[in-house]
Amino acid sequence: MTDEELAAAGFASQEQMYREIVSKHTLDDSKWEMTMRVPMRFNRLLMLRPWMWHTAGEAFGNSLEDGRLVYLLFFEVA
């Protein structure tokens, strides 16, 4: 969110918004609205904007051979 969007929502900073919304309601599913679900599939790549709230969802696989593999990358535009 831009500074203007934060101010319009009643927050002085990203940190304040995070504390009052995300940290406070992280484990309360009733406070969140699911807008999209991407099913896990073999060999699927999912790239997203990490600042948008997201979760891995339900567990996937039951061993190292068929479980979910995560490879984190960070890109910087020069």
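Definitions and limits used
Residues numbered from 1 in each chain as written. Predicted model: local features only at pLDDT ≥ 70, side-chain atom pairs only at ≥ 80, totals over all residues. Heavy atoms only, no water. Helix = DSSP H or I, 4+ residues; strand = E, 2+ residues; numbered from the N terminus. Rg over C-alpha atoms; globule rule 2.2 N^0.38 Å. Buried < 20%, exposed > 50% of the residue type's maximum accessible area, 1.4 Å probe, protein only. Areas by Shrake-Rupley, 256 points an atom, 1.4 Å probe, with all protein chains shown as cover. Polar contact = N/O pair within 3.5 Å; in protein donor to acceptor, adjacent residues only side chain to side chain. Contact = heavy atoms within 4.5 Å. Expected span 1.5 Å × (residues − 1). 1 Å grid on protein atoms, 1.4 Å probe; cavity = no way out; pocket = protein on both sides within 12 Å on 5 of 7 lines; lining within 4 Å. Points joined across faces, edges and corners; volume = space filled by probe spheres on them. Nonpolar A, V, L, I, M, F, W, Y, C, P; charged D, E, K, R; others polar.

Caption draft 1: Spotlight on the overall build of the chain. Scanning the chain for helices and strands turns up two helices and zero strands. Taken against the 2.2 N^0.38 rule, which gives 12 Å for 78 residues, the C-alpha radius of gyration of the chain at 16 Å runs more than 25% over that of a compact globule. By the burial criterion, 8% of the 78 residues in the chain qualify as buried. Taken as a whole, the chain presents about 8000 Å² of accessible surface, with 56% of it coming from carbon and sulfur.

Caption draft 2: Quick peek at the side chain of Q16. With respect to the element layout, Q16 can be found in helix α2 (residues 14-25). The class for Q16 is buried, based on a relative accessible area of 18%. At 2.9 Å, the side chain of Q16 and the side chain of E20 are in polar contact. In this structure, Q16 is in contact with G10 and F11, ignoring residues within four places of it in sequence.

Caption draft 3: Quick peek at α2. In this model α2 runs 16 Å from its N-terminal to its C-terminal C-alpha over twelve residues, within 8% of the 16 Å that 1.5 Å per residue would give. For α2, every residue scored as buried is listed here: Q16, M17, V22 and H25. If you follow the buried residues of α2, they end up packed against α1 (3-8).

Caption draft 4: Representation of the environment of M40. When you line up the elements, M40 lands in the segment after α2. Residues M40 and A56 lie 16 residues apart in sequence; the distance between their C-alpha atoms is 9.4 Å. Beyond its immediate chain neighbours, meaning those up to four positions away, M40 contacts A56, E58, F60 and R68.

Caption draft 5: Representation of the layout of surface pockets. Approximately 2700 Å³ is the volume found for the largest pocket. Forming the walls of the largest pocket are 46 residues, and the residues nearest its centre are L46, L48, H54, T55 and A56. Residues belonging to the lining of the largest pocket are distributed by class as follows: 30 nonpolar, eight polar and eight charged.

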